[in-house]
Amino acid sequence: MSEDTSRTMIAGRLNVETGAFALKEVPVPDPGPGFVRVKVEAAGVCLSDVHLIQGLLRPKFLKGSEVTLGHEVAGTIDQPGPGVSALAPGDRVVVQAGYEYNGVTLTMGVDYDGGWAEYLVVPAGVCVPLGEDIPFDQASIIPDAVSTPWAAIASTAQVRAGEAVGVWGIGGLGAHGVQLLRMVGAAPIVAVDPIPEARARALELGADVALDPLAEDFAEAIKAATAGRGLDAALDFAGVDAVRSQALASLGLRGRLVLVGLSGKPVTIGDSTGFSFARKQVLGHYGSEAHHVPQLVSLTRLGRLDFAGSISARLPLADAEQAVKSLDAKEGNPIRIVLVP
Ligand SMILES: NC(=O)c1ccc[n+]([C@@H]2O[C@H](COP(=O)([O-])OP(=O)(O)OC[C@H]3O[C@@H](n4cnc5c(N)ncnc54)[C@H](O)[C@@H]3O)[C@@H](O)[C@H]2O)c1
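Report on the accompanying structure. Computed from a predicted model, the values in this text were never measured in an experiment.

Glancing now at the overall build of the protein chain. Broken down by element type, the protein chain carries ten helices and 18 strands. By the compact-globule yardstick of 20 Å for 341 residues, the protein chain fits well, its C-alpha radius of gyration being 20 Å. Its C-alpha atoms put the protein chain at 65 × 45 × 40 Å along the principal axes. Within the protein chain, buried positions represent 53% of all 341 residues. Taking as baseline every contact in the protein chain between residues at least 6 positions apart, the subset at least 24 positions apart corresponds to 71%. With the model as given, the accessible surface of the protein chain reaches about 14600 Å², and the carbon-plus-sulfur share is 52%. Within the protein chain, one finds 27 positive and 38 negative side-chain charges whose respective centroids are separated by 6 Å.

The following block contains the structure:
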């Protein structure tokens, strides 16, 4: 990617060595062959951005020590690079949060510059046409806040209709996880979150039961919800250590725990004999595959999904630091905060 040094833009940049985050004036990037420049219309704020700033997550493939954050982006094509004919200026697109290159997964806003900026340059192939009917803010959160739980449910956990599924963490990912589980017919859907408002939200979005993970009768409540059998699948959308042992203990025969939340800590299987006896599984999960975002765009356009209630706040890009603090402190209990350049 080359840079047009005559034009500049504002970008939210993280120094991954020092953890310093700041809005900086940087050159507007120019798209090379096969790439496109996207004018960012909306960009989501994820707990992974908070993890990055706090040093809990480190880029594996970043060149240099600075990156523009933002892996949830919707916008319009500003300039197709040489050789790109499938996209034209003005096309509304949602941008996949990463891609595989040479056998490795590269994540936007982690391994290369992301969308907390006025413009970003990405390979043309990661842009998914949006059509006219989905607003940019709702579209921006599809990659990751919706596509990651969708991939976890549909591909990694392979949830089938009628299965009992527990969802730990009813934030950005988990709130959509509940909606998606409802769509695929999981039953019962057991939502778990220490925040009462998050539990109330889960019930509104389609959970059958909402539990406080700190409640003394938690294990009995899981049994009561599943007629004593335990969960077929448990999804960790919290990234908190305590979730793993609690979720593992809540699984029934052949139950699988999918680790989506990123805690950076070891996973411990306490009752390893019980784990083997019940033939439980622990599965890692990251991101989504190329088909998941187009599927979700289609499901949304067909009215099967609606993210109108998912946008808790729209803040100007200049307030990126405040957005990060609000998500970290759960101020106003947000599902997703979206930045608008
Ligand atoms: N694997 C991936 O591909 C991937 C992608 C995106 C995000 N993530 C990770 O997923 C996690 C969630 O991200 P998010 O943006 O939805 O976060 P969020 O902050 O919006 O939501 C997290 C929720 O977890 C709840 N929680 C905290 N402790 C809990 C506990 N003990 N039991 C149950 N719930 C608890 C919080 O109250 C909150 O509602 C983060 O760790 C993030 O880094 C992973």
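So, next bit.
Right, let's talk about the sheet that holds strand 14 (residues 231–236) for a bit. Taken together, the six strands give an open sheet; going across it, the order is 13-12-11-14-15-16, and neighbouring strands pair in parallel fashion. Whereas interior strands pair on both sides, the edge strands pair on one side only; in this sheet they are strand 13 (209–211) and strand 16 (281–284). For this sheet, the mean inter-axis angle between neighbouring strands, taken without regard to orientation, is 20 degrees. Contacts from helix 7 (residues 241–250) reach strand 11 (165–168), strand 12 (189–192), strand 14, strand 15 (251–259) and strand 16 within the one sheet, and its direction differs from that of strand 15 by about 155 degrees.

Quick look at the pairing of strand 6 (residues 92–95) now. Residues Arg92 and Val94 line one face of strand 6 and the alternating positions Val93 and Val95 line the opposite face, and both faces are buried. Where strand 5 (residues 73–80) lies against strand 6, four bridges are found, and the strand directions are antiparallel. Bridge pairing in strand 6 places Thr76 opposite Arg92. Bridge analysis of strand 6 against strand 10 (residues 127–129) gives three bridges, and the strand direction is antiparallel. The residue of strand 10 that forms the bridge with Val94 is Val128.

What counts and what doesn't
Starting afresh in each chain, residues are numbered from 1 along the sequence in its written order. Totals for whole chains, interfaces and linings use all residues, but because this is a predicted model, local features are given only for residues with pLDDT of at least 70 and pairs of side-chain atoms are given and counted only at 80 or more. The side-chain numbers reported here are obtained from all heavy atoms of the structure, hydrogens and water having been left aside. The helix and strand labels rest on DSSP assignments: H or I over at least four residues marks a helix, E over at least two residues marks a strand, and numbering proceeds from the N terminus. Each radius of gyration is computed over the set of C-alpha atoms, and the globule rule expresses the reference value as 2.2 Å times the number of residues to the power 0.38. To sort residues, take the accessible area from a 1.4 Å probe on protein chains only and compare it with the maximum for the residue type: under 20% means buried, over 50% means exposed, and anything in between is partly exposed. Contacts are assigned to residue pairs with any non-hydrogen atoms lying within 4.5 Å of each other. Each accessible area value is a Shrake-Rupley result obtained with a 1.4 Å probe; residue values ignore everything except the protein chains displayed when judging cover. All tallies of charge rest on Lys and Arg as positive and Asp and Glu as negative; His and the ends of each chain are not included. Charge positions are represented by NZ for Lys, CZ for Arg, CG for Asp and CD for Glu. At least two DSSP bridges between two strands are required for those strands to pair. Helix axes use the C-alpha atoms of the stretch in contact, all axes being lines fitted to C-alpha atoms, and the angles between their N-to-C directions lie in the range 0 to 180 degrees.

That is the geometry; function is a separate question.
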